[in-house]
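# Coordinates in review
What follows is the residue order along each chain.
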Amino acid sequence: MSYIGKSVKRIEDKRLVTGKGKYTDDIKIPGLTHAYILRSPYASANILGIDTSAAKSAEGVISVFVGTDIEGIRGVPTGWQVNFKNGDTMKEPAHPLLVTDAVRHVGDAVALVIAETKEQARDAADLIDVDYEVLEAAVDPAEAIKDGAPLVHEDAPNNICFDWELGNPVSEVDAALAKAHHITSLDFINQRLVPNAIEPRSAIGHYEEHNDHYTLYTSTQNPHLTRLLLCAFVLGIPEHKVRVVSFDVGGGFGSKIFHYTEEALVIWASRKINRPIKWTAERSESFLTDAHGRDHVTSAKMGFDKAGKMVALKVDTIANLGAYLSTFAPAVPTWLHGTLLQGLYTTPKIHIDLKAVFTHTNAVDAYRGAGRPEATYLLERLVDLAALEMNMDPAELRRINFIPAFNGVTEPGYQTQVALQYDSGNYHGVLDRALEKVGYKDFRKAQQESLAKGKLLGIGFSTYIEACGIAPSAVVGALGARAGLFESAQVRVQPTGKVSVYTGSHSHGQGHETTFVQVVADKLGIPMEDVDLVHGDSDAVAFGMGTYGSRSLAVGGSAIVKSVEKILEKGAKIAAHKLEASVDDLDYANGKWTVKGTDKSIAFGDVSLTAYVPHDYPQGLEPGLDFASFYDPTNFTYPFGAHIAIVEIDKETGKVTLQRFVAVDDVGNVINPMIVEGQIHGGVAQGIGQAMLEGAVYDESGQLINGSYMDYAMPRADDFPSFEVERTVTPCPHNPLGVKGAGEAGTIGSTPAVVNAVIDALWKAGFKVKDIKMPLTPERVWTAMNN
Amino acid sequence: MIPASFEYKKATSVQEAISMLGSEDKILAGGHSLIPAMKLRLNMPTGLVDISKIESLKEIRDNEKSISIGAGVSHATIANNPEISKHMPMISEAASMIGDIQVRNVGTIGGSIAHADPSADWPGVLLASDATVVIANAEGSREVDIDQFFTGFFETALQDNEIITHVRIPKTAANANSCYVKFVQPASRFAIVGCAAAVEKVNGSVKSIRVAFNGVGDNAYRATGIENALKDQKLSAENIGSAASHATDGIDVMDDHFASENYRSHLASVFAKRALSRL
Ligand SMILES: Cc1cc2nc3c(=O)[nH]c(=O)nc-3n(C[C@H](O)[C@H](O)[C@H](O)COP(=O)(O)OP(=O)(O)OC[C@H]3O[C@@H](n4cnc5c(N)ncnc54)[C@H](O)[C@@H]3O)c2cc1C
């Protein structure tokens, strides 16, 4: 049976689209209680007192806890350590489950109310009287580092969590810039985004006294890591006494990777009240407390020689981390961002200097793309702007700077100036294909003609690379990760030849129940109906590192392949015994072993039955057909692509209409083209959302002023044209499936293409603006034309 | 998002609804403005009197000289009514541009004007259409000219214990030559600027004209500066352009993170021009 490469319809969709999905909030347990978290309405305030007496005696209330009730627990940790340039450890202030003395962002957790119903818990929260001494807030990250700015944490002077640099010595970069024929410089903001998964976060803590056992049901992308952090770093409870379950999850986009305070809180409180507790975020809480993404303030310079060859890149970035360090927060602006500044280009000198900053705002962490969209935005905006400034063709400028094609097998990988070694790539290939698809030459003609009629058309490019398949454990360990980033998989063949696959990856929209089953069925040569995938339960799956960083297939899929290979190796021994042949004389195809050159064969199901009924069996071989594997990648994977946007601007209002969007991506080999296309579409929609519509807006006092769907503009289908997507295939040379990952490509590539298209339209019409702040609202575009 | 607890009362007639209304109660129609406010606990009525099942409020009646639209008629029903689109196209256009399909299927015209959100579409459109609001109360009923209905920011001439039963829109020559244009707020899809215009022409000259805006000021308003500038004129690109510059005369223009005061004023002129150029 051949399944790899086929657009098999998604198996999980029948369950999900008929309302049979099992989300955390759907779970009912006898004796279940309901929690509501009272949150701070202020960005920065001292807590002078909290009176919970009225709430405690309200109808249905079981318990009310405040921060001082939680003794001996520091809070949730961060999973990544980055040191200051001088070697000092980063500032790592506690992130308590409930605050004690002060609140540090709007939405900070002040009290936990537990009642028989959620309505009662909500009503009782209104009866809690908190005496706040409201203080000035540090909101803008560039202001927060100035002397005299309000401090988020007393022990982090100037609100700096750490400073960091990467690349060639700054003196070499400066020298190269000094000699450059042309320097393009750009100061810009990569704005803060709210992840907006459709399912709000939810957690149920269930302590059972009779066996001293805890179960945490939670909407996480990462059940095992959550368990590890919860047990070893937060509550100090034994890991074998804790089960973490995450059945269906309604989207994450990164925001559900992290171990959140609420997860620890319901587990802790469940033991206190000896009953299960459910907490589900309200949408307003999701806006305020799901870790946000992006939020960089950057100043960058790119130098070129006379011919347009890039000679140096110098970057200064301030990364806003919010009030507390979320699980991966320190890694995102550093090792997932600075390391990507080579892009697709041969730039010989690169340096980034970065300050990571605390502010009185919600935590910022990985959001689809995580660091790589920021790097791509930075590079691709500079390249298109440089082309405009130097009066060169932006496609040609890219071509002369591209790293030449290399396959990573007979040709070596490409060593960048910023720590990474690219695996394989053909960057001219994706750009050429995209130009052809968009009809570039014709477009430039049409652009000129429409300008004569007063119509503003623009074209924008983005040629990106990303580091996915996260990650080689030893490498990330050296870079400060406090966990390994391998993956585990178990393939269990049942006696009848039916197969259960257990993966430590976690599906929350990616379609693993289809793709992973395709891989196993294909490799075993059996029908997909004979294979099922199990994920999201720490009791069922031995271990896992979850799903993010486009790692599931590249890392989790590779672990599955390893187990399948072990199954086939052992199966061959059993088959050889039964067929009275030697293993070397056997071929495996279409679900059976055949003695070469004969018609003597034995089917997979007969071998599995023999493995469990080992009456006539190879001597010394263990019974059973069940293998677990761990796979630790040797390198990241490096998908790449070329995205092109065409826009039209309404001169009178500044409104931008996206007319076409062409994406040619290379994600290596593809198991299910339909699912990859879906991932690209979703990612592109998200990336365009950042360019045109989205952005969290905090006012000076630290209030999130667009924390609802009436004010935060999410992209909708009618905001887009039909996307025109295509692929080229450059296999990954270092994993068994040759796959690179497709989950984030769309988001990483698309944003700068749209912004570049708007800038192009404006320049061609004589408005030589270098930057317009995202999102490109009509007013901002109009202002750019009317200043 | 859990509202404070409240009593739910279902009315089957307008008079029953009026008699049910307690002093801290609210009328519930489509709930698309009221329920979100209750979920955020910005509004905590002790009771809701549900008028959405009252059949008499759901009628569209074609009178000889006017069309009456029941307060409980949904935006979608209005958008799909052929008589309305024939006699007063701006009414259909506005209805079809409100929110999204779900909002149009459930939200009502009566709820919208009672709520009087300055960015809602109906207030401006009804001002331009010279409508009359018909209101029931314990004494019987009264009529309020639309020009007197909107009295301030989220404020109307409606008294406590009153229910809008319908709006009556005349089948005038102006309404037959009318349109509505809208610059949409991308998140909510309310109007950043909405402009409704109705123009009656005799021998090519403007005999009567009504132009109104929503989304711009604290309240929907008629742009009398534009109306006066074009009265008795033959419409041309030039005079429309110069008239449109009066779009916000005397108005305290709103300023929010979607549109500053300056930009919104500019948009008001642009959309006045766009509306009038079509007529
Ligand atoms: C996502 C979203 C997008 C929207 N987009 C738009 C848009 O683009 N343009 C737009 O104009 N509107 C928009 N709306 C508002 C929508 O049109 C509402 O339906 C409308 O404003 C209120 O009508 P309702 O029937 O839902 O009233 P309700 O919410 O039930 O009531 C609103 C108020 O009016 C009172 N009320 C209701 N009916 C009567 C009556 N007959 N007599 C007296 N008082 C009454 C209620 O007591 C309440 O105070 C949007 C709403 C949502 C949720």
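Residues numbered from 1 in each chain as written. Chains lettered and ligands numbered in written order. Predicted model: local features only at pLDDT ≥ 70, side-chain atom pairs only at ≥ 80, totals over all residues. Heavy atoms only, no water.

## Brief notes about the overall build of chain A
Rule in force here: Numbering of helices and strands starts at the N terminus; helices are DSSP runs of H or I of at least 4 residues and strands are runs of E of at least 2. With a 1.4 Å probe rolled over the protein chains alone, any residue whose accessible area is under 20% of its type maximum counts as buried; one over 50% counts as exposed, and the rest are partly exposed. Residues count as neighbours in contact if any of their non-hydrogen atoms are within 4.5 Å of one another. Residue exposure ignores everything except the shown protein chains as possible cover, and the areas themselves are Shrake-Rupley values with a 1.4 Å probe.
Scanning chain A for helices and strands turns up 19 helices and 28 strands. C-alpha atoms of chain A, sized along the principal axes, occupy 85 × 75 × 50 Å. Relative to its 787 residues, chain A shows a buried fraction of 63%. The contacts of chain A with a sequence gap of at least 6 include a subset with a gap of at least 24, amounting to 80%. As displayed, chain A offers around 27800 Å² of accessible surface, 51% of which is attributable to carbon and sulfur atoms.

## Describing the sheet that holds strand β18 (residues 456-465) of chain A
Residue and element names in this part refer to chain A. This is how it is decided: Strands pair, by our definition, only if DSSP identifies at least two bridges between them. What counts as an axis is a line fitted to C-alpha atoms, over the stretch in contact for a helix, and the angles between N-to-C directions run from 0 to 180 degrees.
Across the sheet, which stays open at both edges, the 4 strands sit in the order β18-β26-β27-β28 with mixed pairing between neighbours. Looking at strand neighbours, the two that pair on one side only are β18 and β28 (723-727), the edges of this open sheet. Sheet twist, expressed as the mean angle between neighbouring strand axes with direction ignored, is 10 degrees. Note: strand β26 (residues 640-649) against strand β27 (residues 656-666), 10 bridges, orientation antiparallel. Within β27, the position partnered with Ile644 by the bridge is Val662.

## Describing helix α11 (residues 427-438) of chain A
All names here are of chain A. Basically, it comes down to this: Given a helix with a known number of residues, its expected span is that number minus one, times 1.5 Å. Think of it as the arc spanned by the lines of direction from the helix axis to the C-beta atoms. Here a polar contact is taken to be a pair of N or O atoms separated by no more than 3.5 Å, where protein atoms must pair a possible hydrogen donor with a possible acceptor and residues adjacent in sequence count only if both atoms sit in side chains.
Compared with the 16 Å implied by 1.5 Å per residue over 12 residues, the 17 Å span of α11 between its first and last C-alpha is a close match. The complete set of buried residues in α11 reads Tyr427, Val430, Leu431, Ala434, Leu435 and Val438. For α11, the angular spread of buried residues about the axis comes to 130 degrees, placing them on one side. Close packing links the buried residues of α11 with α10 (394-401), β17 (421-422), α12 (440-452), β18, β26 and β27. Where α11 begins, the capping side chain belongs to Asn426, and its oxygen is found 3.1 Å from the backbone nitrogen of Gly429. Where α11 terminates, the next one or two residues include Gly439, which has phi positive at roughly 70 degrees.

## Section: the packing of α10(A) against α11(A)
Residue and element names in this part refer to chain A. So the rule is basically this: For classification purposes, an angle smaller than 35 degrees is called roughly parallel, one larger than 145 roughly antiparallel, one from 65 to 115 roughly perpendicular, and anything else oblique. A clockwise turn of the near helix away from the far one marks a right-handed crossing, whereas an anticlockwise turn of less than a right angle marks a left-handed crossing. Three classes are used, and their members are as follows: Ala, Val, Leu, Ile, Met, Phe, Trp, Tyr, Cys and Pro are nonpolar, Asp, Glu, Lys and Arg are charged, and the others, Gly among them, are polar.
Taken N-terminus to C-terminus, the directions of α10 and α11 make an angle of 165 degrees; their axes are 10 Å apart at the nearest point. It follows that α10 is roughly antiparallel to α11 by the angle criterion. α10 and α11 meet at a crossing whose hand is left-handed. When α10 is examined against α11, the residues Ala395, Arg398 and Arg399 are found in contact with a partner set consisting of His428, Leu431, Asp432 and Leu435. Here the residues of the contact of α10 with α11 are counted per class, giving 3 nonpolar, 1 polar and 3 charged.

## Observations concerning the site of the ligand
Stated formally: Distances are taken per atom, and a residue is near a molecule or strand as soon as one of its heavy atoms is within 4 Å of it.
Taken together, 32 residues lie around the ligand, and Ile27(B), Gly31(B), Thr108(B), Asp121(B) and Arg189(B) are the ones closest in. Two or more chains meet at the ligand, and those chains are chains A and B. Asp121(B) places a polar side-chain atom, nitrogen or oxygen, 2.7 Å from a nitrogen atom of the ligand. Contact with the protein chains hides 93% of the accessible area of the ligand, taken as 970 Å² for the molecule alone. At the level of elements, β2 (25-28), α7 (109-115) and β10 (163-170) of chain B are the ones that each hand at least two residues to the shell around the ligand. It is α7(B) that contributes the most residues to the shell around the ligand, 4 residues altogether. Looking at the shell around the ligand, its residues break down into 15 nonpolar, 12 polar and 5 charged.

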